[in-house]
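# Descriptive analysis of the structure
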Amino acid sequence: MSDTQHKSGYIAIVGKPNAGKSTLMNKILGTKLSITTHKAQTTRHQIVGIHSEENAQVIFLDTPGIINPKYELQKAMMRFVEKAEKDADAILFIVEADENNIPDYAFNQLKNLQKPVLLVINKIDSESQDTVEKLKKDLNDKFKFLETVFVSALEGVGIDGLMKVIIDTLKPGPPFYPKDELSEHPVRFFASELIREQLFLQFHEELPYSATVEVIQYEEREDLDYINAEVIVNRKSQKGMIIGKGGRAIKKLGTEARKSIEEFVDRKVFLDLHVKVREKWRDNPNMVRNFGY
Ligand SMILES: Nc1nc2c(ncn2[C@@H]2O[C@H](COP(=O)(O)OP(=O)(O)OP(=O)(O)O)[C@@H](O)[C@H]2O)c(=O)[nH]1
Ligand SMILES: [Mg+2]
């Protein structure tokens, strides 16, 4: 096959919080690249995930769930969504199978993009065929989707069909990345994300939303990867919650995060974890930017 027939392009994965955007990207890539939890607003960045085949390369942009931003961090998150939509050649608009409340402005925003939009109805494992067919019809009445695909990102149903539809929409072009590359973020970014994932899994209410993680030092030593990281919280009282009675909470946080980083880097890891208070960092544009958002 000649070079001109190779296809490539950028695909932004957008939708409401918790729709399964990151789970879908991970399933396509066959790797846990983007953190996923049962809580909304897990993803805060644009996460690049590269899927390569012999004759195609799809660069996925996983994004934060679309919300009406209330504080500076959320505004930064929405800027990542806008940037991904702008950079993309086509959009995957992903909705949950039981969705019944897509506001009109969401369709207007999609119209304004003037790009091909594929509708992905996810979590079909938990709804009836009738329900998802009706949802498909209702949403297609409101916007001219290029195609509608049913999937279960969790169970891996419909993924091959979705990939075929995605590659059909791509234009001929060369690969932008080496074919064995999966992403473009440095390993310290993934380490901070995996620590943040544990914050979402182990803490409740406002705490995970008030925290961020900074990797201060990442050193690949002969026998292990040494990581020095800080959990940054919004208020003094939250520091005590992260540490817990007798240091139990931070110990559990550190242990679980270390295990998931070890799985990711496929190496032994030593994780040195501390907590720092940065009063109201979430509301402060400079601090939000300095923490990588
Ligand atoms: N039953 C079911 N659950 C799913 C499916 N896909 C994702 N989930 C679950 O939905 C929850 C949210 O998944 P994420 O992938 O983190 O969702 P997201 O859209 O990336 O969420 P944000 O990053 O917060 O915007 C997790 O608990 C997933 O396990 C699916 O196909 N079926
Ligand atoms: Mg996500």
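These figures come from a predicted structure and were not determined experimentally.

### A closer look at the overall build of the chain
- In terms of helices and strands, the chain carries ten helices and ten strands.
- In terms of C-alpha radius of gyration, the chain reaches 20 Å, essentially the compact-globule figure of 19 Å for 293 residues.
- For the chain, the C-alpha atoms occupy an extent of roughly 55 × 45 × 35 Å along the three principal directions.
- The 293 residues of the chain split such that 38% are buried.

### Quick look at the domain arrangement of the chain
- As assigned here, the chain comprises domain 1 (3–172) and domain 2 (187–290).
- Placing the centre of domain 1 and that of domain 2 at their C-alpha centroids yields a distance of 28 Å.
- Looking at the side of domain 1 that touches domain 2 residue by residue, the class counts come to four nonpolar, three polar and two charged.

### A few points about the environment of Leu29
- Relative to the helices and strands, Leu29 is located in helix α1 (residues 21–29).
- On the basis of neighbour counts, which here come to 19 C-beta atoms within 10 Å, the residue Leu29 falls in the partly exposed class.
- As a C-alpha pair, Leu29 and Ile50 span 21 residues in sequence and 7.3 Å in three-dimensional space.
- Setting aside anything within four residues of it in sequence, one finds Leu29 in contact with Gly49, His51 and Leu182.

### Considering the sheet that holds strand β10 (residues 269–277)
- An order of β8-β9-β10 is seen for the three strands of this open sheet, with the pairing classed as mixed. Two strands bound the open sheet, and with one partner strand each, they are β8 (212–220) and β10. Going across the sheet, the axis of each strand differs from the next one's by a mean of 15°, ignoring polarity.
- Bridge analysis of β8 against strand β9 (residues 225–233) gives eight bridges, and the strand direction is antiparallel. Counted as the bridge partner of Val215 is Ala229 from β9.

### A look at unusual backbone geometry
- At Glu205, a position not held by glycine, the phi torsion is positive, near 50°.
- Mapped onto the elements of the fold, Glu205 is located in the loop between α6 (187–202) and α7 (207–210).
- Glu205 gets classed as exposed once you count the C-beta atoms within 10 Å, which come to 8.
- With phi around 60°, Asp266 is a residue other than glycine that occupies positive phi space.
- Within the fold, Asp266 resides in the loop between α9 (248–265) and β10.

### Re the nonpolar core
- If you look at the biggest cluster of nonpolar residues, it comprises 43 residues, and the most contacted ones within it are Ile11, Ile13, Phe93 and Val120.
- Element by element, the count of residues in this core is highest for strand β4 (residues 90–96), at six residues.
- Ile13 has contacts with Lys21, Leu24, Met25, Phe60, Leu61, Asp62, Thr63, Leu92 and Ile94, leaving out every residue within four places of it along the chain.
- Of all hydrophobic cores here, the second largest spans 29 residues; its members include Phe200, Val213, Val269 and Tyr293.

### Description of helix α2 (residues 72–87)
- Across its 16 residues, α2 extends 23 Å between first and last C-alpha, which sits within 8% of the 22 Å expected from 1.5 Å per residue.
- Of all the residues in α2, the buried ones are Leu73, Ala76, Met77, Val81, Ala84 and Glu85.

### Focus on the site of ligand 1
- Looking at ligand 1, there are 23 residues lining it, with Gly20, Thr23, Thr43, Gly65 and Leu154 nearest.
- A total of three residues in the shell around ligand 1 trace back to one element, the largest contributor, which is α1.

### Focus: the environment of Arg278
- Mapped onto the elements of the fold, Arg278 is located in the loop between β10 and α10 (285–290).
- Distance from Arg278 to Asn234, taken between C-alpha atoms, is 5.6 Å for residues 44 residues apart in sequence.
- The residues touching Arg278, leaving out its near neighbours within four places in the chain, are Ile232 and Met287.

### Looking at the environment of Phe176
- Secondary-structure assignment places Phe176 in the loop between β7 (171–172) and α6.
- We classify Phe176 as partly exposed; it has 13 C-beta atoms within 10 Å.
- Spatially, the C-alpha atoms of Phe176 and Gln74 are 30 Å apart, while their sequence positions differ by 102 residues.
- With residues near it in sequence (within four places) discarded, Phe176 still touches Ser8, Gln57 and Ile59.

### Describing the packing of α6 against α9
- Across the interface, α6 lies against α9 with an axial gap of 9 Å and an inter-helix angle of 140°. One finds that α6 runs oblique with respect to α9. At the point where α6 passes α9, the crossing takes the right-handed sense. The residues of α9 that touch α6, namely those facing Val187, Phe190, Ala191, Leu194, Ile195, Glu197, Gln198, Leu199 and Gln202, are Lys252, Leu253, Glu256, Ala257, Ser260, Ile261, Phe264 and Val265.
- For the contact of α6 with α9, the per-class residue count stands at eleven nonpolar, three polar and three charged.

Procedures and definitions
Residues numbered from 1 in each chain as written. Chains lettered and ligands numbered in written order. Predicted model: local features only at pLDDT ≥ 70, side-chain atom pairs only at ≥ 80, totals over all residues. Helix = DSSP H or I, 4+ residues; strand = E, 2+ residues; numbered from the N terminus. Rg over C-alpha atoms; globule rule 2.2 N^0.38 Å. Buried ≥ 20, exposed ≤ 12 C-beta atoms within 10 Å, placed from the backbone. Domains from an automatic or database assignment. Nonpolar A, V, L, I, M, F, W, Y, C, P; charged D, E, K, R; others polar. Contact = placed C-beta atoms within 7 Å. Pairing = 2+ DSSP bridges. Axes fitted to C-alpha atoms, helices over the stretch in contact; angles between N-to-C directions. Core = buried A, V, L, I, M, F, W, Y, C linked by C-beta atoms within 7 Å. Expected span 1.5 Å × (residues − 1). Near = placed C-beta within 6 Å. Parallel < 35°, antiparallel > 145°, perpendicular 65-115°, else oblique. Left-handed = near helix turned anticlockwise from the far one by under 90°.

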